[in-house]
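Below, each chain spelled out in residue letters.
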There are 2 protein chains.
Amino acid sequence: MEKQHVSAAVVRRLPRYLRYLNDLSRREIVRISSEELSRRMALTASQIRQDFNCFGGYGQQGYGYNVDHLRQEIAAILGLPNQKKTILVGAGNLGHAILNHIDFSRHGFKLTDIYDNNPALVGTSLVGVTVHHIDDLEQRVAADLPDMAIITVPRAAATDVVDRLHTCGVKAFWNFSSLDIRYDDSLVESVHLGDSLMTLRYHLEQR
Amino acid sequence: MEKQHVSAAVVRRLPRYLRYLNDLSRREIVRISSEELSRRMALTASQIRQDFNCFGGYGQQGYGYNVDHLRQEIAAILGLPNQKKTILVGAGNLGHAILNHIDFSRHGFKLTDIYDNNPALVGTSLVGVTVHHIDDLEQRVAADLPDMAIITVPRAAATDVVDRLHTCGVKAFWNFSSLDIRYDDSLVESVHLGDSLMTLRYHLEQR
């Protein structure tokens with residue numbers, strides 16, 4: 001597989017392809033043409049063929065794509081079968097929702113630790129993983145460096161928590177705080193819910 | 001204000017400007033130069049001046065921007081002072097987190113109704129708003145059409161719920177389901193958490 005040649009734009013589309021293919025698989029649809037997939041996804045068939053050609057094709061003229069084969073290939077390109085270790089910091093409302101809503105193993109991660117500063121939570125278990133006190137962060141992270149950290153602490157705590165994690169060697173963040181995380185050596189994927197809602201509010205105003 | 005001339009790219013940056021200006025305001029910083037703001041936001045000073053010129057300037061040569069004036073202007077452009085009615089459908093983990101995490105009034109919305117199909121939730125109150133049974137959706141929405149609906153139902157329920165809302169006249173959606181909502185006459189802002197996490201997983205693999 002020539003992963004190197006997959007452009008950022010194609011990468012952004014891969015999870016979406018996977019969503020549609022998983023949906024087809026659940027409905028026991030075995031194969032699909034690029035035309036039919038394009039209709040469902042509101043992309044052009046040539047766009048789809050071009051995207052899939054980036055990583056080696058998989059279609060057969062007049063036959064279409066084998067749904068299960070294609071979803072396994074896309075999952076492999078995304079790295080999903082190989083689980084990376086992630087921790088979650090901040091087990092409040094948002095942290096709880098992420099823990100209960102996301103099946104980490106299906107997204108290429110294994111949740112190894114949860115951290116919070118709430119004494120009522122420390123020592124308890126959420127989704128089968130123990131909550132540790134934030135004071136133990138450095139010691140535990142040094143002993144078992146996670147590949148990524150999910151930041152679901154309140155805004156006021158975010159700068160401190162992220163700096164501490166970065167100092168300990170964590171170089172990837174799934175960031176739900178309103179803080180913009182910027183390190184030259186780190187991967188950051190931010191979900192700024194407030195920005196998203198305000199953008200929608202703006203467009204409602206213009207309508 | 002010449003709102004018409006604000007490009008989509010500028011609109012995407014406005015909530016981020018507002019976040020930084022709110023932060024400055026909390027720290028009681030009264031004014032800021034475009035150079036200082038650019039350093040904090042990792043934008044160029046000329047980009048910032050150009051963005052603010054889109055909606056009338058507000059800077060004074062050698063003085064900089066008045067923080068409170070600027071945040072009020074940006075809030076006004078986004079429409080935040082005028083609250084639109086929103087409902088939330090799906091008061092599970094994710095719905096709860098959104099309800100507790102987002103201050104709707106600060107984002108230009110007023111939460112008017114919550115819907116769920118869980119008998120244990122129906123009739124209770126979350127963040128001061130009553131949870132109604134999903135069966136009452138059509139009747140209540142017809143009586144008091146909301147400007148927007150937040151979709152936090154599980155995937156299996158999403159298609160049905162969104163179709164019902166659209167039929168009732170709801171034409172804007174803040175969508176947390178993995179469904180892609182597509183109507184020619186509707187505004188849709190989607191937060192696809194799984195896509196976001198898989199994109200991060202891909203980049204971790206490449207590193």
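Residues numbered from 1 in each chain as written. Chains lettered and ligands numbered in written order. Predicted model: local features only at pLDDT ≥ 70, side-chain atom pairs only at ≥ 80, totals over all residues. Heavy atoms only, no water.

Peer 1: Please explain the relation of the copies chain A and chain B as it appears in this structure.
Peer 2: Here two copies of a chain appear, and what relates them is a rotation about an axis with a shift along it. Rotating chain A by 180° and moving it 0.0 Å along the rotation axis overlays it on chain B with an RMSD of 0.0 Å. Here the two chains are linked by the operation of a two-fold rotation axis. Judged by C-alpha distance, Ala-97 of chain A is the residue of chain A that lies nearest the rotation axis, at 2.9 Å. Most of the interface of chain A is mirrored in chain B, where 100% of its interface residues again form contacts. (Least-squares fit on C-alpha atoms with pLDDT ≥ 70 in both. Contact = heavy atoms within 4.5 Å.)

Peer 1: How should the sheet that holds strand S6 (residues 125–126) of chain B be read in this particular structure?
Peer 2: Across a sheet, paired strands are connected by hydrogen bonds in the backbone, their directions being either parallel or antiparallel. All names here are of chain B. Read from one edge of the open sheet, 7 strands run S6-S7-S5-S4-S8-S9-S10, paired in mixed fashion. On the outer flanks of this sheet lie S6 and strand S10 (187–190), each paired with one strand and no other. Note: strand S4 (residues 84–89) against strand S8 (residues 148–151), 4 bridges, orientation parallel. From the neighbouring strand, Ile-87 faces S8, where its bridge partner is Ala-149. In the packing of helix H5 (residues 93–101) onto the sheet, the strands contacted are S4, strand S5 (109–116), S6 and strand S9 (172–175), and the crossing angle to S4 comes to about 150°. (Pairing = 2+ DSSP bridges. Helix = DSSP H or I, 4+ residues; strand = E, 2+ residues; numbered from the N terminus. Axes fitted to C-alpha atoms, helices over the stretch in contact; angles between N-to-C directions.)

Peer 1: What am I meant to see in the packing of helix H1 (residues 8–26) of chain A against helix H3 (residues 45–54) of chain A here?
Peer 2: Residue and element names in this part refer to chain A. At their nearest, the axes of H1 and H3 sit 11 Å apart, and the two run at 105° to each other. In terms of axis orientation, H1 runs roughly perpendicular to H3. Contact residues: H1 offers Val-10, Arg-13 and Tyr-17, while H3 offers Gln-47, Ile-48, Asp-51, Phe-52 and Cys-54. In terms of residue class, the contact of H1 with H3 is built from 5 nonpolar, 1 polar and 2 charged. (Parallel < 35°, antiparallel > 145°, perpendicular 65-115°, else oblique. Nonpolar A, V, L, I, M, F, W, Y, C, P; charged D, E, K, R; others polar.)

Peer 1: Got a minute to help me understand the packing of aromatic side chains in this structure?
Peer 2: Here a ring pair, both rings aromatic, is described through the centre-centre distance and the interplanar angle of the planes. Residue and element names in this part refer to chain A. Tallied over the full model, the rule gives 8 aromatic pairs over all chains. Ring geometry for Trp-174 versus Phe-176: centroids 4.8 Å apart, planes at 70°, classification edge-to-face. Owing to a relative accessible area of 6%, Phe-176 belongs among the buried residues under this scheme. Linked through ring pairs, Tyr-17, Phe-52 and Tyr-65 together constitute an aromatic cluster. (Phe/Tyr/Trp six-rings, centres within 6.5 Å; stacked < 30°, edge-to-face > 60°. Buried < 20%, exposed > 50% of the residue type's maximum accessible area, 1.4 Å probe, protein only.)

Peer 1: What's the story with the interface of chain A and chain B in this structure? I'm lost.
Peer 2: Accessible area lost when the parts come together is the quantity often used to give the size of an interface. Listed as interface residues are 65 residues of chain A and, on the opposing side, 65 residues of chain B. Taking both sides of the interface into account, the surface hidden between chain A and chain B amounts to around 5,900 Å²; carbon and sulfur atoms contribute 62%. Here chain A and chain B share 8 salt bridges between them. A salt bridge links Asp-195 of chain A to Arg-19 of chain B, with the shortest nitrogen-to-oxygen separation between them at 2.8 Å. In this assembly, chain A and chain B are joined by 30 residue pairs in polar contact (both at pLDDT 80 or more). Those elements that provide at least two residues to the side of chain A that touches chain B are H1, helix H2 (34–41), helix H4 (67–78), helix H5 (93–101), strand S9 (172–175), strand S10 (187–190) and helix H8 (193–206) of chain A. Here the side of chain A that touches chain B gets 14 residues from one element, more than from any other, and that element is H8 of chain A. Looking at the side of chain A that touches chain B residue by residue, the classes come out as 30 nonpolar, 15 polar and 20 charged. (Buried area = accessible area lost by both parts, 1.4 Å probe. Salt bridge = Lys/Arg side-chain N within 4 Å of Asp/Glu carboxyl O. Polar contact = N/O pair within 3.5 Å; in protein donor to acceptor, adjacent residues only side chain to side chain.)

Peer 1: Can you walk me through the environment of Thr-112 of chain A in this structure?
Peer 2: Residues and elements named next belong to chain A. Looking at the secondary structure, you find Thr-112 in strand S5 (residues 109–116). Put simply, Thr-112 and Val-129 are 17 residues apart on the chain and 6.8 Å apart in space, counted from C-alpha to C-alpha. With sequence-adjacent residues up to four places away left out, Thr-112 is seen in contact with Lys-85, Thr-86, Ile-87 and Val-129.

Peer 1: What is the right way to read the sheet that holds S10 of chain A from this model?
Peer 2: All names here are of chain A. Strand order in this open sheet of 7 strands is S6-S7-S5-S4-S8-S9-S10, and the pairing throughout is mixed. The two strands at the open ends of the sheet, each matched to only one other strand, are strand S6 (125–126) and S10. Alignment of S6 against strand S7 (residues 129–133), held across 2 bridges, turns out to be antiparallel. Paired with Ser-125 across the bridge in S7 is Thr-130. Contacts from H5 reach strand S4 (84–89), S5, S6 and S9 within the one sheet, and its direction differs from that of S4 by about 150°.

Peer 1: Could you clarify how one ought to interpret H4 of chain A in this entry?
Peer 2: Note: α-helices contain 3.6 residues per turn, so residues at a spacing of three or four share the same orientation. Helix length check: H4 of chain A, at 12 residues, gives a terminal C-alpha distance of 16 Å against a target of 16 Å (1.5 Å per residue), a fit within 8%. Every buried residue belonging to H4 of chain A is among Val-67, Leu-70, Glu-73, Ile-74, Ala-75, Ile-77 and Leu-78 of chain A, and all of these are buried. Taken together, the buried residues of H4 of chain A touch H1, strand S1 (31–32), H3 and strand S3 (64–66) of chain A together with helix H8 (193–206) of chain B. Following H4 of chain A by one or two positions, Gly-79 of chain A adopts a phi angle in the positive range, close to 90°. (Expected span 1.5 Å × (residues − 1).)

Everything listed here is a matter of coordinates, which is why it stays silent on function.
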